[in-house]
Amino acid sequence: MAGYPPLLSRRSFLTAAGAASAGALFTAPPTSGAAQVAGAAPAGSLELSLSDLADRLRRRQLSSLEITRACLDRIAALNPALNAFITVTGESALAQARTADDEMRRGTWRGPLHGVPIALKDLFDTAGVRTTAGSGVFKDRVPVDDAEVVRRLKAAGAVLVGKTNMHEFAFGGTSLVTAFGSVHNPWDQRRIAGGSSGGSAAAVAAGLCFGALGSDTAGSIRQPAAYCGIVGLKPTFGLVSTTGVIPLSWSFDHVGPMTRTIRDAALMLQVIAGFDPKDPASVSMTVPDYSAALRAHVSGLHVGVARAFFFDGLDPEIEQVMAAALAVIGRLTASVKDVELPAASSQEQLRSTVRAAEAYAYHAGFLAKSPALYQPETLARLRAGADVPTVAYIEGVRELARTRRTMGRVFDGIDVVITPTSPILPPPIEEFSSDRNGTPDFLARSIRNTSPFDVYGWPTISLPCGFSASGLPIGLQISAATGQDARVLQLAHAYEQATDWHLRKIAT
């Protein structure tokens, strides 16, 4: 669309990054052309955080309609290169924006998401809008009902701009295996955005929306968040409903927000958290005021650093960035000491057994009816679940319950656990040319640091903590005990405010 230049090349970005200060690297749309059209959003509006936008909408300094139009224009301009969206719901988004403006004009304010453009990973059911899970199997699937979290977003007045691309059926970590084309990392379009919520991560990072929903079974929120330089929160298992979410594994699936800042994640979590009687995995637990919790001091927190297993074989640049991040956290908190998560190295077999069996159980009918509509890599992985013995699955589910019940002992002497989000930087897409899932080494390493926390069910967040010399984002992972989502947000927010990594945006 007019008024929005194409993404800078990686070389151009690095030149800009080297010349810039620690402030924002985001280049606002030009003030000529489309930005001067009556009703257009003021230049720079798309670089606002969700919370800042919410404040301006409430004060009627901006309108939802103008900011939604700006997002749709940017999607039209940048999505051909990024392929972050499968479906853009432009007409309904503009209608929702007009409604939001009318309500706020009359004095009705639904909360911080009112009038804010949000995207949805394309495995959340949306009434009347196709939900594909990135697969040809569901390319024409149009649900009748909204997923529970979509219903809650709509009730909060959010403007839903579209459905984001993803790794097919959430069964992988690249977002290259999809019926709708590969997702590209906005920091370097030659690299993967991560997965399976790669489209959501790329959309938030590139300023195509102000927040997005993702799902996380082995790291599918946090790994792409780290690769794309944004915040990704996997809440406590059972805190957020999965009703109406196409499953990968019922025992491990988590739903959570992907945003630009910690405060933004808190605002989104506030809306989607809470018991859902329709979801068998939903747990009734206290939902505090997450935004208010961010104001709590972290000087009394005791931090555990899980070096064994999680720091093994780190990329040297990630190791260097983590050392600097831990130094900052050490100044913010009461103590930092090494701890060990004893079950971490043994969780892969447990998770793989249960996940494989449950994924096959959901897909068995579709596999029998239309196997050719699956991507070959997904088909092979799903069929492997048919070979999981019933006894192995039952034992796996029992071991999972035991692990979640006992692993909380780790927090007897600490409040949070810290690790790197990923031990590797986002790889080039060309490395996956023959096998779109990548080598077994990539599959194992890319989710090595994230998948144990899906087993534990703990709230875990990834947030930016630095960049490589080539300008690629690096993520820091913070976890707390079951139900302590506010504590994770507190420390993450304190670290974010003590650094400027979250201010660095992609030059566009």
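Since this is a predicted model, take the numbers as computed values, not measurements.

Spatial strand order, β1-β3-β2-β6-β8-β7-β12-β13-β11-β9-β10: 11 strands in an open sheet with mixed pairing. Two strands bound the open sheet, and with one partner strand each, they are β1 (85–88) and β10 (335–339). Put simply, the sheet's adjacent strands are angled 30° from each other on average, direction ignored. Strand direction decides the pairing type here: strand β7 (residues 231–234) and strand β8 (residues 254–259), joined by two bridges, are antiparallel. Opposite Val231, over in β8, you have Thr259 as the bridge partner. Packing of helix α3 (residues 64–82) onto the sheet brings it into contact with β1, β2 (117–121) and β3 (159–164), and relative to β3 it is tilted by some 15°.

Attention now goes to the packing of α3 against helix α4 (residues 90–105). Orientation of α3 relative to α4, taken along the N-to-C sense of each, is 160°, at an axis distance of 8 Å. The orientation of α3 relative to α4 falls into the category roughly antiparallel. Relative to α4, the crossing made by α3 is right-handed. Of α4, the residues touching α3 (which contributes Ser64, Leu65, Thr68, Arg69 and Leu72) are Gly90, Ala93, Leu94, Ala97, Arg98, Ala100 and Asp101.

This next bit is on the packing of helix α11 (residues 347–369) against helix α12 (residues 376–384). At their nearest, the axes of α11 and α12 sit 7 Å apart, and the two run at 115° to each other. The angle between α11 and α12 places the two elements in the roughly perpendicular class. Here α11 and α12 pass one another in a crossing that is left-handed. The residues of α12 that touch α11, namely those facing Arg355, Ala359, Tyr360, His363 and Leu367, are Leu379, Arg381, Leu382 and Arg383. Broken down by class, the residue content of the contact of α11 with α12 amounts to five nonpolar, one polar and three charged.

Following Gly195, the chain continues to Ser196 via a peptide bond in cis, the omega torsion being 10°. For Phe169, which is not glycine, the phi dihedral falls at a positive 50°. One can find Phe169 in the loop between β3 and β4 (184–185). Residue classification places Phe169 among the buried positions, given a relative accessible area of 2%. For Phe309, which is not glycine, the phi dihedral falls at a positive 80°.

Let us now look at the pairing of β3. Burial within β3 is extensive, with six of its six residues counted as buried. Two elements, β1 and β3, share three bridges in a ladder whose sense is antiparallel. If you follow Phe85 over to β3, its bridge partner there is Thr164. Two strands pair when backbone bridges link them, and β2 and β3 are joined in this way by five bridges, in the parallel orientation.

It is worth spelling out the pattern of salt bridges at this point. Within the structure shown, the criterion is met by 19 salt bridges. Note that Lys278 and Glu148 form a salt bridge whose closest N and O atoms lie 3.3 Å from each other. Here the residue Lys278 occupies a position in the loop between α8 (262–272) and α9 (290–293), and Glu148 occupies one in helix α5 (residues 148–155), the gap between them amounting to 130 residues. The exposure class of Lys278 is exposed, given its relative accessible area of 53%. We note a salt bridge from Asp276 to Lys278, for which the minimum N-O separation is 3.0 Å. Because the salt bridges share partners, they merge into one network encompassing Glu148, Arg151, Arg152, Asp276 and Lys278.

A few words on the confidence of the model for the protein chain. Of all residues in the protein chain, 91% attain a pLDDT of 70 or more, and the chain-wide mean is 91. Mean pLDDT across the elements of the protein chain ranges from a minimum in helix α1 (residues 10–19), with 34, to a maximum in β2, with 99. Across residues 1–38, where pLDDT falls below 50, the model places 71 contacts with residues more than four positions away in sequence or in other chains.

Now for the layout of surface pockets. In this model, the largest pocket occupies a volume close to 370 Å³. Along the wall of the largest pocket there are 26 residues; nearest its centre are Glu348, Arg351, Arg355, Leu443 and Ile447. Looking at the lining of the largest pocket, the elements with two or more residues in it are α11, α14 (440–446) and α15 (451–456). When residues of the lining of the largest pocket are assigned to their parent elements, the largest contribution, four residues, is made by α14.

Conventions adopted
- Residues numbered from 1 in each chain as written.
- Predicted model: local features only at pLDDT ≥ 70, side-chain atom pairs only at ≥ 80, totals over all residues.
- Heavy atoms only, no water.
- Pairing = 2+ DSSP bridges.
- Helix = DSSP H or I, 4+ residues; strand = E, 2+ residues; numbered from the N terminus.
- Axes fitted to C-alpha atoms, helices over the stretch in contact; angles between N-to-C directions.
- Contact = heavy atoms within 4.5 Å.
- Parallel < 35°, antiparallel > 145°, perpendicular 65-115°, else oblique.
- Left-handed = near helix turned anticlockwise from the far one by under 90°.
- Nonpolar A, V, L, I, M, F, W, Y, C, P; charged D, E, K, R; others polar.
- Buried < 20%, exposed > 50% of the residue type's maximum accessible area, 1.4 Å probe, protein only.
- Salt bridge = Lys/Arg side-chain N within 4 Å of Asp/Glu carboxyl O.
- pLDDT = per-residue confidence, 0-100.
- 1 Å grid on protein atoms, 1.4 Å probe; cavity = no way out; pocket = protein on both sides within 12 Å on 5 of 7 lines; lining within 4 Å.
- Points joined across faces, edges and corners; volume = space filled by probe spheres on them.

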